Amino acid sequence: MKKLLVLILFTISLFGQKFENLAPTPPMGWNSWNKFACNVDEKLIMETADAMVNCGMKDAGYEYVVIDDCWHGERDSLGFIQPDPERFPSGIKALADYIHSKGLKFGIYSDAGWKTCGGKPGSRGYEFQDALQYAKWGVDYLKYDWCNTEGLNAKGAYLTMRDALYSAGRPIVFRMCEWGQSEPWTWAKDIGHLWRTTGDIGVIFDGIEGHGSWNSLGVLQILDLRKGIRKYAGPNHWNDPDMMEVGNGMTISEDRSHFSLWCMLAAPLMAGNDLCDMDEATIKILTNKEVIAVNQDALGIQGFKCFAKDNWEIWGKPLSNGELALCFLNRTLETVKVDYDWHEYLIKDDEFGHQYFFNKKEYKIRDLWQKKDIGTTEKRFKANLPAHDVIVVKLSPKK
Ligand code: GLA
């Protein structure tokens, strides 16, 4: 009887947990899908890891190199998944070792259904075996998709994979990707480290592109889509508005806005462009350490819209040490004149209990794109804000 109890307790301790503290700040890295879709092979992944180091992204905090869909070959006679032998002739373990040798981490992709979205073998029925394989290969991050899951319960399916990963014993960040359909923010805190909140992003700033059975969404559409979910996000459990499209064809202003907004939202920062072929402007956006620091702030508070005028608005994100990041966003295709009297408005974050009374306390203002101190909240804030562009400032209480 005693032995049985010990066995039961041991089993419980093996299952039923998510790995703790793997994502205290939003994960940063690169994912192959947005740019390369199914055209992935080991050369691309290795060169991307090299580029992440060489262009300064690693130094700026990017860490995970993630292969999305289509790396798969067949299962072997025992049921263990193998990579496509032509695209990954050296095997996944060798690839993971290479990425680790660069001081980076390695991520992979699977799907809770029978097949992935790209029609490759999914993990349904093989969860524990796949988790074992990933642990053996040295995987650090798993993106787990939701195609071909008809009849499955999302919570059950993601719990199963969480338990499988935990029992395989290698700490792996678990990124859930069911597009927000079953409101994972309300139930997934103890299951995933991050969960997609919406459908797939496209290379669109403002608009929607239809593809028959699904749509890709623009930056502003994703920004507006899920109201009231910021209270569910925080350290080790992030709302994920999808991988980024910076460098994939929007204008510089739009890329800067997209990146800034993802930082304000405490979103995981997964670059989705070709790191081996980036222009200076793209590198500058992706590696702006002052804006990244807003995203990576230890409080882990997701930003919110705190002021709106006809054609521009302000997003705010409370930061540590009583600081506050603000992002002035121009949604329109015309330059707008921003004229903001700090004393007229106070900023209140009721959900996380932060208040900023500019009429009672003076704050220093730093422009995080210009990397310049630009005065204090004693004076009105006036600026020209170009089409689809942002100004991001950090306010620090004046001593
Ligand atoms: C889904 C996901 C994407 C990508 C593709 C791969 O659409 O949402 O991010 O992983 O599948 O097929």
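As shown above, the structure is provided for reference.
Predicted model, so just to flag it, every value in this text is computed and none were measured.

(A) Expanded view of the nonpolar core. By size, the foremost hydrophobic cluster in this structure holds 90 residues, and its most contacted members are Tyr62, Trp71, Tyr134, Phe259 and Trp262. If you tally residues by element for this core, the top one is helix H7 (residues 154–168), at seven residues. Setting aside residues up to four positions removed in sequence, Trp71 forms contacts with Val40, Ile81, Gln82, Pro83, Asp84, Phe88, Ile92, Ile108, Tyr109, Tyr134 and Trp137. By size, the runner-up hydrophobic cluster in this structure holds 22 residues, among which are Val338, Tyr340, Tyr363 and Ile391.

(B) How the structure looks around the packing of aromatic side chains. Using the criterion set out here, one finds 22 aromatic pairs in the structure. Aromatic side chains Tyr340 and Trp342 sit 5.0 Å apart centroid to centroid with 90° between the ring planes, which places their arrangement in the edge-to-face category. When its relative accessible area of 1% is taken as the criterion, Tyr340 is described as buried. With a relative accessible area of 0%, Trp342 lands in the buried category. Through successive ring pairs, a cluster of aromatic residues spans Phe307, Trp312, Phe328, Tyr340, Trp342, Tyr345, Tyr356, Phe358, Tyr363 and Phe381. Between Arg124 and the ring centre of Trp114, over which it is positioned, the NZ or CZ distance is 5.6 Å.

(C) Looking closely at H7. Here H7 contains 15 residues, and its C-alpha end-to-end distance of 21 Å stays within 8% of the 21 Å for a straight helix at 1.5 Å per residue. Where H7 is concerned, the buried positions are Ala154, Ala157, Tyr158, Met161, Arg162, Asp163, Ala164, Leu165 and Tyr166. Its side-chain oxygen at 3.1 Å from the backbone nitrogen of Lys155, Asn153 defines the N-terminal cap of H7. Following H7 by one or two positions, Gly169 has its phi on the positive side, about 90°.

(D) Geometry of the environment of Val294. Position of Val294 relative to the elements: it lies in helix H11 (residues 289–295). For Val294 and Ala266, which are 28 residues apart along the polypeptide, the C-alpha to C-alpha distance reads 7.9 Å. With residues up to four places along the chain from it excluded, the contact list for Val294 reads Cys263, Met264, Lys317, Leu319, Ala325 and Leu368.

(E) Highlighting the state of the cysteines. What the rule picks out here adds up to two disulfides. Two residues share a disulfide in this structure: Cys38 and Cys70, whose sulfurs sit 1.8 Å from each other. Remark: Cys70 occurs in the loop between strand S2 (64–66) and strand S3 (72–75) and Cys38 occurs in the loop between helix H2 (33–36) and helix H3 (42–54); sequence separation between them is 32 residues. The disulfide partner of Cys117 is Cys147, and the gap between their sulfur atoms is 2.1 Å. Linking Cys117 and Cys147, the disulfide has an S-S dihedral of approximately 95° and is accordingly described as right-handed. You can see Cys117 sitting in the loop between strand S5 (105–111) and helix H6 (127–137) and its partner Cys147 sitting in the loop between strand S6 (141–145) and H7, a full 30 residues away along the chain. By relative accessible area, which is 18% here, Cys147 ends up buried. Cysteine pairing for the chain (bonded cysteines numbered in sequence order): 1-2, 3-4. In this model Cys276 remains outside any disulfide bridge; the closest cysteine sulfur is found in Cys55, 8.9 Å from its own. On the basis of relative accessibility, which here comes to 41%, the residue Cys276 falls in the partly exposed class. For Cys306, which is in no disulfide, the shortest distance to another cysteine sulfur is to Cys327 and amounts to 9.8 Å.

Cut-off values and rules
- Every residue gets a number counted from 1 within its own chain, in the order that chain's sequence is written.
- Restriction of local features to residues with pLDDT of at least 70 applies here, the model being predicted, together with a cutoff of 80 or more for giving and counting side-chain atom pairs; totals for whole chains, interfaces and linings are based on all residues.
- Calculated side-chain values reflect all of the structure's heavy atoms, with hydrogen atoms and water omitted.
- Put simply, buried Ala, Val, Leu, Ile, Met, Phe, Trp, Tyr and Cys residues joined by side-chain atoms within 4.5 Å make one nonpolar core.
- A 1.4 Å probe rolled over the protein chains alone gives each residue an accessible area, and that area as a share of the maximum for its type sets the label: buried under 20%, exposed over 50%, partly exposed in between.
- A run of H or I in DSSP counts as a helix once it spans at least four residues, and a run of E counts as a strand once it spans at least two, with each numbered from the N terminus.
- Any two residues whose heavy atoms approach within 4.5 Å at even a single point are treated as in contact.
- Aromatic rings from Phe, Tyr and Trp, with only the six-membered ring used for Trp, were paired whenever their centres fell within 6.5 Å, and each pair was classed as stacked if the ring planes differed by under 30 degrees, edge-to-face if by over 60, and tilted otherwise.
- Distance and angle both matter: a charge sits over a ring if NZ of Lys or CZ of Arg is within 6 Å of the ring centre and within 35 degrees of the ring normal.
- Every helix has an expected span of 1.5 Å times one less than the residues it contains.
- Two N or O atoms count as a polar contact when they lie within 3.5 Å, although within protein this holds only if one can serve as hydrogen donor and the other as acceptor, and sequence-adjacent residues are included solely when both atoms are side-chain atoms.
- Cysteine sulfur atoms that pair up within 2.5 Å are treated as a disulfide.

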